[in-house]
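These are the residues of each chain, in order.
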Amino acid sequence: MPIALEFARKMQVVGFDIKADRVEKMRQSIDPSDELEASDFEGCDIHFSCHPEDLKAATFHVVAVPTPINKHNLPDLNPLLSATKTVGSILKKGDYVVFESTVYPGCTEEDCVPILERESGLRFNEDFKVGYSPERINPGDKEHTLTKILKIVSGSDAEALEVISEVYGSIIKAGIYQASSIKVAEAAKIIENTQRDVNIALMNELSLIFNRLNINTYEVLEAAGTKWNFLKFFPGLVGGHCIGVDPYYLTYKASELGIHSKIITGGRVINDGMAPHIANEIVKRLISAGHPINGSRVLVMGATFKENVSDIRNSKVADLVHELQSFSVNVEVVDPHASSDDLMEEYGYGLVPEPTGKYEAIVVAVNHADYVKMEESHFGSFLLPKGLFVDVKGVFRDKIKQLDYWSL
């Protein structure tokens, strides 16, 4: 959506989506992802459509679909390949196709280009050209917006690189970085999130160690952070459609090449294990406080994959909820941003409009701005005597004085 609207301020754009209900919302200047305001649609020459034949009017096609993983943590390229097939069916001589979806190095040329050739009957680099320019927007970040982020671009030949650079350069104020090849651009994107994932995994492993030592991880990081070159990463639940997914694309490609990653895979194991760790810690602490576990009530605050967004894709809060439910705990979830229907469809549970009664434990799982402003007395009003307050990201460390407090 952001890239479509930015282009639409400079030229005619077709905004295509396969879901008619999403298209209808966009026609009404409503962002289905709740990231943009109605005013962001103003002054844009854009036609929203769910009809592939409308794509024939375009000569420069940007493919920006999700690239998730399946239940076995293997790449699910179905959305990407399906979109590629759709573009191939309307492709004509002289067209450009640029992919923005995060993929493993080689995917654009090895998986997508053959589909474009087959569906169009055209010849790659003779009749049409291809590029790759990774999407770098950080959901919920109002400072590092699309036009303010340096844009990596690549092309299938020198001419493609120049044309694609010129097109993106018309909207990107931060500038264009020309990668030497499509594979380099693909690899650059995938290691951005892999690097963050590995660093967060280290923090999560440290939190496991410090928990046994009965010291607060955030206090340790605050002290260590006084050194000028200490990297400031923090423990937590690592989900979403980027950091929690992209490393699996890289390890998949590495495995195809006979390389079995140890650091990247190890980081993924640690991060995917944090939700069970938090659930186990909650249960142990409730037992120690004398609370019966079977039928106990826990309020989880926040269901999205990160703060102040509505996106629930690959949210590890769902793993926490399911893990607590496996102990016969009654879990209620609130979130001012998420859709209850979407959560029910994706994870099998919905939201309650507001807290109901008293709870043995409250878990602030996502640091929505609405929650960060709350006082200790507010949380205490929903807790039973000897109730537990769990602060996953440690933002209430200096605020909670009376309640039984625990964080990573």
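Quick caveat, the model's predicted, so the values are computed rather than measured.

Calculation criteria
Residues numbered from 1 in each chain as written. Predicted model: local features only at pLDDT ≥ 70, side-chain atom pairs only at ≥ 80, totals over all residues. Heavy atoms only, no water. Pairing = 2+ DSSP bridges. Helix = DSSP H or I, 4+ residues; strand = E, 2+ residues; numbered from the N terminus. Axes fitted to C-alpha atoms, helices over the stretch in contact; angles between N-to-C directions. Contact = heavy atoms within 4.5 Å. Expected span 1.5 Å × (residues − 1). Buried < 20%, exposed > 50% of the residue type's maximum accessible area, 1.4 Å probe, protein only. Core = buried A, V, L, I, M, F, W, Y, C linked by side-chain atoms within 4.5 Å. Salt bridge = Lys/Arg side-chain N within 4 Å of Asp/Glu carboxyl O. UniProt positions renumbered as here; feature names shortened; annotations may be inferred. Phe/Tyr/Trp six-rings, centres within 6.5 Å; stacked < 30°, edge-to-face > 60°.

Student: Looking at this structure, I do not really get the sheet that holds strand β3 (residues 60-63). What am I missing?
Tutor: Sheet strands pair via backbone hydrogen bonds, and the direction of the pair is either parallel or antiparallel. Read across the open sheet, the five strands follow the order β3-β4-β5-β6-β7; overall the sheet is mixed. In this open sheet, the two edge strands, each paired with only one partner strand, are β3 and β7 (176-178). Along the sheet, successive strands turn relative to each other by an average axial angle of 25 degrees, direction set aside. Along the sheet face, helix α5 (residues 158-169) touches β3, β4 (96-99), β5 (129-132), β6 (151-155) and β7 and points at about 150 degrees away from the line of β6.

Student: So what exactly am I meant to see when it comes to helix α10 (residues 274-288) here?
Tutor: Think of an α-helix as 3.6 residues a turn; residues three or four steps apart then line up on the same face. If you check α10, its first and last C-alpha atoms are 21 Å apart, about what 15 residues at 1.5 Å a residue would give, namely 21 Å. Those residues of α10 that sit buried are M274, A275, H277, I278, A279, E281, I282, V283 and L286. On its buried side, α10 packs onto α6 (182-212), α9 (263-272), α11 (317-325), β10 (359-364), β11 (383-391) and β12 (404-407). Just downstream of α10 lies G290, where phi reads positive at about 90 degrees.

Student: Would you mind going over the nonpolar core with me for this structure?
Tutor: In a soluble, globular protein the nonpolar side chains are often hidden away together inside. In terms of nonpolar packing, the biggest core is built from 35 residues, with I278, I282, V300, L324 and V363 touching the most fellow members. Looking at this core, the elements with two or more residues in it are α10, β8 (297-301), α11, β9 (330-334), α12 (340-347), β10 and β11. In terms of residue count, α10 provides more of this core than any other element does, seven residues in total. If we ignore the near neighbours within four places in the chain, the residues touching I282 are L324, A361, V363, L388 and V390. If you look at the next biggest cluster of nonpolar residues, it comprises 29 residues, including L77, V87, V113 and F128.

Student: What am I meant to see in the pattern of salt bridges here?
Tutor: Summed over all chains, the structure comprises 24 salt bridges. Between K129 and E159 there is a salt bridge whose closest N-O contact spans 3.4 Å. Residue K129 is located in strand β5, and its partner E159 is located in helix α5; the two are separated by 30 residues in the primary sequence. As a salt-bridge pair, E332 and R297 come within 3.2 Å of each other at their nearest N and O atoms.

Student: Would you explain the UniProt feature "domain: UDP-glucose/GDP-mannose dehydrogenase C-terminal" (unreviewed entry) in the protein chain in this entry?
Tutor: Mapped onto this numbering, the UniProt entry annotates "domain: UDP-glucose/GDP-mannose dehydrogenase C-terminal" (unreviewed entry) at residues 299-398. Helix makes up 26% of residues 299-398 and strand 23%. Its end C-alpha atoms lie 21 Å apart.

Student: In this structure, what is going on with the packing of aromatic side chains? I would like to understand it.
Tutor: Under the criterion given, the structure shown has 14 aromatic pairs. An angle of 65 degrees between the planes, with centres 6.5 Å apart, marks the rings of F7 and F60 as edge-to-face. One end of the pair, F7, is in helix α1 (residues 2-8); the other, F60, is in strand β3, and 53 residues separate them in sequence. Between the aromatic rings of Y218 and F234, the centroid separation amounts to 6.3 Å while the plane-to-plane angle is 15 degrees, which identifies the pairing as stacked. Within this pair, whereas Y218 is found in helix α7 (residues 217-224), its partner F234 is found in the loop between α7 and α8 (246-256), the two being separated by 16 residues in sequence.

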